[in-house]
Amino acid sequence: QVQLVESGGGRVQPGGSLRLSCAASGSISSISTMGWYRQAPGKQRALVASITRGGKTNYGESVKGRFTMSSDNAKNTVYLQMNSLKPEDTAVYYCNSRVLGVVDVWGQGTQVTVSS
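This write-up is about the structure you can find in this document. (Residues numbered from 1 in each chain as written. Predicted model: local features only at pLDDT ≥ 70, side-chain atom pairs only at ≥ 80, totals over all residues. Heavy atoms only, no water.)

Structural notes on unusual backbone geometry
Positioned with a positive phi, Asn-76 is a non-glycine residue whose angle comes to about 55 degrees. By the secondary structure assignment, Asn-76 is in the loop between β7 (67-72) and β8 (77-82). For Asn-76, a relative accessible area of 30% translates into the label partly exposed. A positive phi angle, near 55 degrees, is found at Leu-100, a position not held by glycine. Checked against the element boundaries, Leu-100 lands in the loop between β9 (91-99) and β10 (103-106). On the accessibility criterion, Leu-100 (67% relative accessible area) is exposed. (Helix = DSSP H or I, 4+ residues; strand = E, 2+ residues; numbered from the N terminus. Buried < 20%, exposed > 50% of the residue type's maximum accessible area, 1.4 Å probe, protein only.)

Comments concerning the state of the cysteines
Summed over all chains, the structure comprises 1 disulfide. Here Cys-22 is linked by a disulfide to Cys-95, with a sulfur-sulfur distance of 2.0 Å. Measuring the twist about the S-S bond at about -85 degrees, one finds the Cys-22-Cys-95 disulfide to be left-handed. With a gap of 73 residues between them, Cys-22 in strand β3 (residues 18-26) and Cys-95 in strand β9 connect regions that are remote in the sequence. The class for Cys-95 is buried, based on a relative accessible area of 0%. (Disulfide = S-S within 2.5 Å.)

Next comes the structure, spelled out in structure tokens:
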């Protein structure tokens, strides 16, 4: 019913920036919340940021002040602007949507590598 496709990942030097995009399709009206999660090697998947249909955002503590999540409802797309990137931000970043209030749908992930 809902499909998510991430894009925008890549390799960047410490201090650099990347902008991730996640395009949603399908039963958009069933989505209540969208988020970005990341998973580094050997680590559990962790919340990076989330946004409600009304535009309220929430951020993981480690990215506050550096990352900004936004949405373009007309395009059914959410974004994650990542600034001041650090090596510890290296991970696969996944787009997530909560559908019908209870079901999580995930994108395929996009690799972000921060390295000098």
